[in-house]
Amino acid sequence: HAILGAENLTVATRLPAAFFGILTIACFYALVARTHGRGTGLWAALFLTLSPWHLQLSRFGHESTLTAGITALALLSVSMARRTSKGPGDDDGALRPVPLVLGGVLFALSLYTYASMRLFTPLLLLAAAWIYRAEFGTALRHRASRRAIALAITASALVAVPLVVLSATRWDIVMARAEQVSLFHRSASVATALFQSAAQYADHFSPRWLFTQGDRYAIQSPPGYGQLSIAIAPLLLIGLYATIRDRRRNRAGMLVLAWLLLHPLAASMSDAGPHALRSACGLPAFQWLAAIGAGAAASHAAMTAGRRRLVAAICLAAVAINGSVVVRDYFGRWSRDPWVAALYQRDLRDAMRAIRPIFGNYDRIYISDQVDRDRRWYSGEAYAIALIALPVEPATFQQWDKVVVVDEPSGFHRVASMGPFVMTTRSDVLRQSFEHTPRQRALFVARPGEINGFRRIHTVESLYHMPRFEIFATP
């Protein structure tokens, strides 16, 4: 807001996700290049750049956007703690304290990004400790390494203190959302919940989820595509074979497999699985495994140099064509899809823009919270759309009196009213309001047929010219 101004709040809201998406690609390249070479790192960066899953997360202002990137950045930082060469006065195998402490801090920060990370991060660290137990044991022989590890643990613990204190004192707040979506709170028995969790875990590796349909919610996954580019499907199998084959020579591959196996756990134990946001932390693991496959396919010892270049060119062409089609549809066909437009509440944004010149002239602005049973439109968090599309200065919003309620069964907090805005057009609310303030000047942003008896000043239509909002005003 300070840089772009109030007129560009939509861009300002989504810009951090786009920036972090680019940062994730850069960090991911550096991480894979350190463990599998620059060629494999380039493949990994390319696959991540053109992934439908990553494209969606990088344009979606949701906290799950941070999960993949912060995991890659933390692992990169920890990998840089190991000294690659012995300098004057250095102990062979000693760890650098600065990158190790930074890695510990980043792992602790990941616990604040999204709830699923509170399960994934500790399990990934335990898996890494087991996979690299020999290197860890060697490092512990050096006093400098022991000091660096102690500093990293202390720094990460200090970062995690607020979450630990909140968990100890207000467990109900920390677990509120988890209890709303957990299968173990919704199922009739533990056995039923375990069976459903196992089924949903397996779904995270199904071809339907990965390559053909993806997430069931269009707002979380480009319609008509899987979570991954279908062109990398054979490379995943080659990468799996190469990783198992080389497990003793390069243990980083085993960390990739651990990452891959652990990422769906939190999503599998919640409803509506598989879930693109709750399992977003696993996105880079698929691209890493495919990059290993591409590197193995393009450098097979039995092939001549010419054939290796041909295989590399075929892989590159397949991924580039697949990625270009996804990008074309994402910014073309998908942006014109009426159901996607409804999910993103384009009609409400258009309504807010329509009242932008006049809403300051009214005492009350009532915005419909009606939900269409035929799913022709979607209404949720209308206050946020109003704040961004009008727009409202953040300082003004902070000064307004607000009424916040908790929606059931989602457990989300919702702003029911703020300043002159009331997020409903229900007849009982309107009747009470006008009985209390009969001479108020009011503006109504209502769904078709909701409001009668007032002057209609504008109609907002869908992409196919169907009425979606009617704007009324008192005389």
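The residue count restarts for each chain, going from 1 along the sequence in the order it is written. Two thresholds apply to this predicted model, a pLDDT of at least 70 for residue-level local features and 80 or more for giving and counting side-chain atom pairs, whereas whole-chain, interface and lining totals are computed over all residues. Side-chain metrics rest on all non-hydrogen atoms present in the structure, leaving aside hydrogens and water.

### Comments concerning the overall build of the protein
At step 1: Within the protein one finds 23 helices and seven strands.
At step 2: The principal-axis extent of the C-alpha atoms belonging to the protein is close to 80 × 55 × 50 Å.
At step 3: Residue pairs at least 24 apart in sequence account for 69% of intrachain contacts in the protein once pairs closer than 6 positions are excluded.
At step 4: Calculation of accessible area relied on Shrake-Rupley with a 1.4 Å probe; when residues are assessed, cover is drawn exclusively from the protein chains displayed. Here the protein has roughly 24,100 Å² of accessible surface; of this, 62% comes from carbon and sulfur atoms.
At step 5: Across the protein, 49 positive and 30 negative side-chain charges occur, with their mean positions spaced 11 Å apart. Runs of E in the DSSP output that reach at least two residues are strands. Runs of H or I that reach at least four are helices, and both are numbered from the N terminus. In what follows, residue pairs with any heavy atoms lying within 4.5 Å of each other are defined as contacts. When charges are counted, Lys and Arg contribute as positive and Asp and Glu as negative, whereas His and the chain ends are disregarded. By convention, the charge on Lys lies at NZ, on Arg at CZ, on Asp at CG and on Glu at CD.

### Concerning the packing of helix α4 (residues 65-79) against helix α5 (residues 97-113)
At step 1: Note on geometry: axes are lines fitted to C-alpha atoms, helical ones only across the stretch in contact, with angles between N-to-C directions running from 0 to 180 degrees. The N-to-C vectors of α4 and α5 enclose an angle of 165°; their axes lie 7 Å apart at closest approach. When the interaxial angle is binned, α4 and α5 end up roughly antiparallel. The crossing of α4 and α5 is left-handed. Of the residues in α5, those touching α4 at Leu-66, Thr-67, Ile-70, Leu-73, Ala-74, Leu-75, Ser-77 and Val-78 are Pro-99, Leu-100, Leu-102, Gly-103, Leu-106, Phe-107, Leu-109, Ser-110 and Thr-113. Should an angle lie under 35 degrees it is considered roughly parallel, over 145 roughly antiparallel, and from 65 to 115 roughly perpendicular; all remaining angles are considered oblique. Definitions for this section: a left-handed crossing has its near helix turned counterclockwise from the far helix by less than a right angle. A right-handed crossing has that turn clockwise.

### Comments concerning the pattern of salt bridges
At step 1: What makes a salt bridge here is a side-chain nitrogen of Lys or Arg within 4 Å of a carboxyl oxygen of Asp or Glu, nothing more. For the structure on display, the rule yields nine salt bridges.
At step 2: For Arg-328, the salt bridge is made with Asp-329, and the minimal N-O distance between the two is 3.0 Å.
At step 3: It is possible to trace a salt-bridge network through shared partners that takes in Arg-245, Asp-246 and Arg-249.

### Points about the packing of aromatic side chains
At step 1: Pairing of aromatic rings covers Phe, Tyr and the six-membered ring of Trp, with a centre-to-centre limit of 6.5 Å; geometry is then stacked below 30 degrees between planes, edge-to-face above 60, and tilted otherwise. Under the definition given, this model contains 13 aromatic pairs.
At step 2: Aromatic side chains Phe-434 and Phe-444 sit 6.3 Å apart centroid to centroid with 20° between the ring planes, which places their arrangement in the stacked category. With Phe-434 in helix α23 (residues 427-436) and Phe-444 in strand β5 (residues 442-446), the pair connects residues that are 10 residues apart, well separated along the chain.
At step 3: Working definition: with a 1.4 Å probe on protein chains only, accessible area under 20% of the residue-type maximum means buried, over 50% means exposed, and in between means partly exposed. With a relative accessible area of 0%, Phe-444 lands in the buried category.
At step 4: Here a set of aromatic residues connected by ring pairs shows up, and it is made of Tyr-366, Phe-434, Phe-444 and Phe-454.
At step 5: Working rule: Lys NZ or Arg CZ, within 6 Å of ring centre, within 35 degrees of ring normal, means a charge sits over the ring. Here the guanidinium or amino end of Arg-447 rests over the ring plane of Phe-469, the centre of that ring lying 3.9 Å away.

### Regarding the sheet that holds strand β4 (residues 421-422)
At step 1: Taken together, seven strands build an open sheet; the order of strands is β2-β3-β4-β1-β5-β7-β6 and the sheet is mixed. For this open sheet the edge positions go to β2 (402-406) and β6 (455-461), each flanked by a neighbour on one side alone.
At step 2: Between any two strands, at least two bridges found by DSSP are needed for them to pair. Bridge analysis of β6 against strand β7 (residues 467-473) gives six bridges, and the strand direction is antiparallel. Within β7, the position partnered with His-458 by the bridge is Ile-471.

### Considering unusual backbone geometry
At step 1: Between Gly-273 and Pro-274 the backbone carries a cis peptide bond, its omega angle lying at -5°.
At step 2: Looking at the element boundaries, Pro-274 is found in the loop between α16 (265-268) and α17 (283-298).
At step 3: In this model, Leu-390 is joined to Pro-391 through a cis peptide bond whose omega is -15°.
At step 4: When you line up the elements, Pro-391 lands in the loop between α21 (382-389) and α22 (394-399).
At step 5: You will see that Ala-272, though not glycine, has its phi angle at about 60°, which is positive.
At step 6: With respect to the helices and strands, the residue Ala-272 is situated in the loop between α16 and α17.
At step 7: Although it is not a glycine, Gln-345 adopts a positive phi angle of roughly 55°.

### Concerning helix α15 (residues 252-262)
At step 1: Extensive coverage of α15 is indicated by the burial of nine of its 11 residues.
At step 2: Regarding α15, the residues found buried are Ala-252, Gly-253, Leu-255, Val-256, Leu-257, Ala-258, Trp-259, Leu-260 and Leu-262.
At step 3: Tucked into the core, α15 has its buried residues touching α1 (9-36), α4, α6 (117-131), α14 (233-245), α16 and α17.

### Observations concerning the environment of Ala-312
At step 1: As for its position among the elements, Ala-312 is in helix α18 (residues 305-331).
At step 2: Measuring from C-alpha to C-alpha, the distance between Ala-312 and Ser-299 comes to 8.6 Å, with 13 residues separating the pair along the chain.
At step 3: Other than its neighbours up to four places away in sequence, Ala-312 contacts Trp-43 and Ala-298.

### Focus on the nonpolar core
At step 1: Among buried residues, those of type Ala, Val, Leu, Ile, Met, Phe, Trp, Tyr and Cys that are joined through side-chain atoms within 4.5 Å constitute a nonpolar core. Membership of the largest hydrophobic core comes to 61 residues, with the highest contact counts inside it found for Phe-47, Trp-53, Leu-228, Ile-232, Leu-236 and Trp-288.
At step 2: Tallying contributions element by element places α17 first for this core, with 10 residues.
At step 3: Beyond its immediate sequence surroundings of up to four residues, Leu-228 is in contact with Ser-51, Pro-52, Trp-53, Leu-210, Phe-211, Leu-236, Leu-283, Phe-286 and Gln-287.

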